[in-house]
Amino acid sequence: LGLDLPVIQQFLNWFMAALQGDFGKSYITGEPVSAMILRALPVTVSLAIGGTLVCVLIGIPMALIAGANKRRFADYGVLTGSLLGISVPSFVLGIILVLVFAVWLKWLPSQGYVSFLDDPVKALRFLLLPSLSLGLMNAAIVARIGRASVIEVLGSDYIVTARASRVGRASFHLRHVLRNALIPIMTVVGLTFGSLLGGAVVTERVFNMQGIGTLVLDAVSRRDYPVILAAIFLIAVTYVLVNLVIDLLYVVVDPRVRFDD
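A quick note: this is a predicted structure, and the numbers were derived from the prediction, not measured.

Novice: Even after reading the chapter, I still don't get the overall build of the chain, so can you show me in this structure?
Specialist: Scanning the chain from N- to C-terminus turns up 10 helices and zero strands. The linear arrangement of helices and strands in the chain, starting from the amino end, is α-α-α-α-α-α-α-α-α-α. Expressed as lengths along the three principal axes of its C-alpha atoms, the size of the chain is roughly 75 × 55 × 35 Å. Nonlocal contacts in the chain, meaning residues at least 24 apart in sequence, comprise 70% of its contacts between residues at least 6 apart. A total of about 14,700 Å² of accessible surface is found on the chain, and carbon and sulfur atoms cover 68% of it. Across the chain, the mean location of the 20 positive side-chain charges is 14 Å away from that of the 15 negative side-chain charges.

Right under this line is the structure:
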């Protein structure tokens, strides 16, 4: 383990090996840590993509509806729903979804995971409930932040010109309002995706999905330090990279953004 070396040298040796994909072996199983992570990673990536899609597909339309109907019934409805979504923990929502759709209605499986490579339809059935439990909470956050951004954009001078051009309602909201209100929303979505890639520990437990979150939790309980170090290193790197990509996309969404300003 190199325990006879100075601490800095130990870290440098581990870091150089990590850059080559060598994270050592598990203290408990003796299996290479990289193999354990590669086995858990597809589960977490699938869950992160599913939760983020739910967040975007529900949160952005709700933000547009609330922002375009400020202080009206639709606005109050979205604000009330988003408040409930933020207040209810994802694992509680997951248990409720399992109770309704798996136990009572028997429409969807309650737990487990199937790879998209094996059976795409079955994989979607297994991912739907955990994706909803994670995505609805984050959709509530996107709806509230997006609403404020939409209201700000609707108060801008160029919106008056866009209204005067008499473009269609859908084109007006998508091309002129949503695009200019996207940057705060993209930031939240990027943070959401990055955090979900770090592993939704409780949700993975509720739905019995052996992802990165479960791997880290088991490693902590067993003091399997090589697995902990490797997983945290991977989570940190992916989180930084995801947010870097989001920052670079700002220029694509809004040409007024320039990093040299």
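And the narrative resumes.
Novice: Help me understand the nonpolar core, please; the structure alone is not making it clear to me.
Specialist: Generally speaking, nonpolar side chains in soluble globular proteins are found buried as a group. Within the largest apolar cluster, 20 residues are counted, with the highest numbers of intra-cluster contacts made by Val142, Val177, Leu182, Ile185 and Met186. Elements that contribute at least two residues to this core include exactly α2 (33-68), α5 (120-154), α6 (157-164), α7 (169-197) and α10 (225-253). If one sorts the elements of this core by residue count, α7 sits on top with nine residues. Excluding residues that lie within four positions of it along the chain, valine 177 makes contacts with Leu64, Val150, Val153, Leu154, Ile159 and Phe172. Of all hydrophobic cores here, the second largest spans 17 residues; its members include Ala48, Leu97, Leu127 and Leu134.

Novice: Sorry if this is basic, but what is going on with the pattern of salt bridges here?
Specialist: Any two side chains of opposite charge can pair, on the condition that their charged atoms come close. All chains considered together, the criterion is met by three salt bridges. For arginine 39, the salt bridge is made with glutamate 31, and the minimal N-O distance between the two is 2.8 Å. Here arginine 39 falls in the exposed class, since its relative accessible area comes to 51%. On the accessibility criterion, glutamate 31 (24% relative accessible area) is partly exposed. Of the charged contacts, one joins arginine 205 and aspartate 218 as a salt bridge, the two residues approaching to 2.6 Å between their closest N and O atoms. Linking arginine 205 in helix α8 (residues 201-206) with aspartate 218 in helix α9 (residues 212-222), this pair joins segments that are 13 residues apart in sequence. Judged by its relative accessible area of 23%, aspartate 218 falls in the partly exposed class.

Novice: Honestly, the packing of α9 against α10 in this entry has me stumped. Any pointers?
Specialist: Angle between the axes and distance between the axes are the two parameters that describe a pair of packed helices. Viewed as axis vectors pointing N to C, α9 and α10 meet at an angle of 145°, and their least axial separation amounts to 9 Å. In the crossing of α9 with α10, the sense of the turn from one axis to the other is left-handed. Contact with α9, carried on its side by Ile212, Leu215, Val216, Ala219 and Val220, involves Val227, Ile228, Ala231, Leu234 and Ile235 of α10 and no other residues of that element. Residues of the contact of α9 with α10, tallied by class, amount to 10 nonpolar, no polar and no charged.

Novice: Please explain unusual backbone geometry as it appears in this structure.
Specialist: Across residues other than glycine, the phi torsion is negative in most instances, and most of the peptide bonds are trans. For asparagine 208, which is not glycine, the phi dihedral falls at a positive 55°. Mapped onto the elements of the fold, asparagine 208 is located in the loop between α8 and α9. Positive phi, close to 55°, is recorded for arginine 223, a residue that is not glycine. On the secondary structure map, arginine 223 appears in the loop between α9 and α10. With relative accessibility at 60%, the residue arginine 223 sits in the exposed group.

Novice: What should I look at first to understand the packing of aromatic side chains in this one?
Specialist: How two aromatic rings sit relative to each other is given by the distance of their centres and the angle of their planes. Scanning the entire structure with this criterion turns up eight aromatic pairs. Where phenylalanine 11 meets phenylalanine 15, the ring centres are 5.9 Å apart and the plane angle is 20°; that geometry is what we call stacked. Placement of the pair is phenylalanine 11 and phenylalanine 15 together in helix α1 (residues 7-19), with a separation of four residues, close to one helical turn. Seen in terms of ring centroids, tryptophan 14 and phenylalanine 23 are 6.3 Å apart; in terms of plane orientation they differ by 55°. Their pairing is tilted. Taking the relative accessible area as the measure of exposure, phenylalanine 23 reaches 14% and is therefore buried. An aromatic cluster is built from Phe11, Trp14, Phe15, Phe23 and Phe233, whose rings are joined through pairwise contacts.

Novice: Explanation requested: α1 in the structure shown.
Specialist: Because each turn of an α-helix spans 3.6 residues, side chains separated by three or four positions end up pointing in the same direction. When the terminal C-alpha atoms of α1 are compared, their 18 Å separation across 13 residues agrees well with the 18 Å that a helix rising 1.5 Å per residue should span. A positive phi of about 85° marks glycine 21, the residue just after α1.

Novice: How do you make sense of helix α4 (residues 90-104) when you look at a structure like this?
Specialist: With 15 residues, α4 extends 20 Å from end C-alpha to end C-alpha; this agrees with the ideal 21 Å at 1.5 Å per step. Roughly 25° is the biggest bend found in α4, and it falls at valine 98. Buried within α4 are the following residues: Ser90, Leu93, Gly94, Leu97, Val98 and Ala102. Check the buried side of α4 and you find it contacts α5 and α8. One or two residues past the end of α4 sits lysine 106, with phi positive at roughly 60°.

Reading guide: rules and limits
Residues numbered from 1 in each chain as written. Predicted model: local features only at pLDDT ≥ 70, side-chain atom pairs only at ≥ 80, totals over all residues. Heavy atoms only, no water. Helix = DSSP H or I, 4+ residues; strand = E, 2+ residues; numbered from the N terminus. Contact = heavy atoms within 4.5 Å. Areas by Shrake-Rupley, 256 points an atom, 1.4 Å probe, with all protein chains shown as cover. Lys, Arg positive; Asp, Glu negative; His and termini not counted. Charge placed at Lys NZ, Arg CZ, Asp CG, Glu CD. Core = buried A, V, L, I, M, F, W, Y, C linked by side-chain atoms within 4.5 Å. Buried < 20%, exposed > 50% of the residue type's maximum accessible area, 1.4 Å probe, protein only. Salt bridge = Lys/Arg side-chain N within 4 Å of Asp/Glu carboxyl O. Axes fitted to C-alpha atoms, helices over the stretch in contact; angles between N-to-C directions. Left-handed = near helix turned anticlockwise from the far one by under 90°. Nonpolar A, V, L, I, M, F, W, Y, C, P; charged D, E, K, R; others polar. Phe/Tyr/Trp six-rings, centres within 6.5 Å; stacked < 30°, edge-to-face > 60°. Expected span 1.5 Å × (residues − 1). Bend = angle between axes of the 7 residues up to and from the residue.

Worth remembering: the numbers are spatial, not functional.
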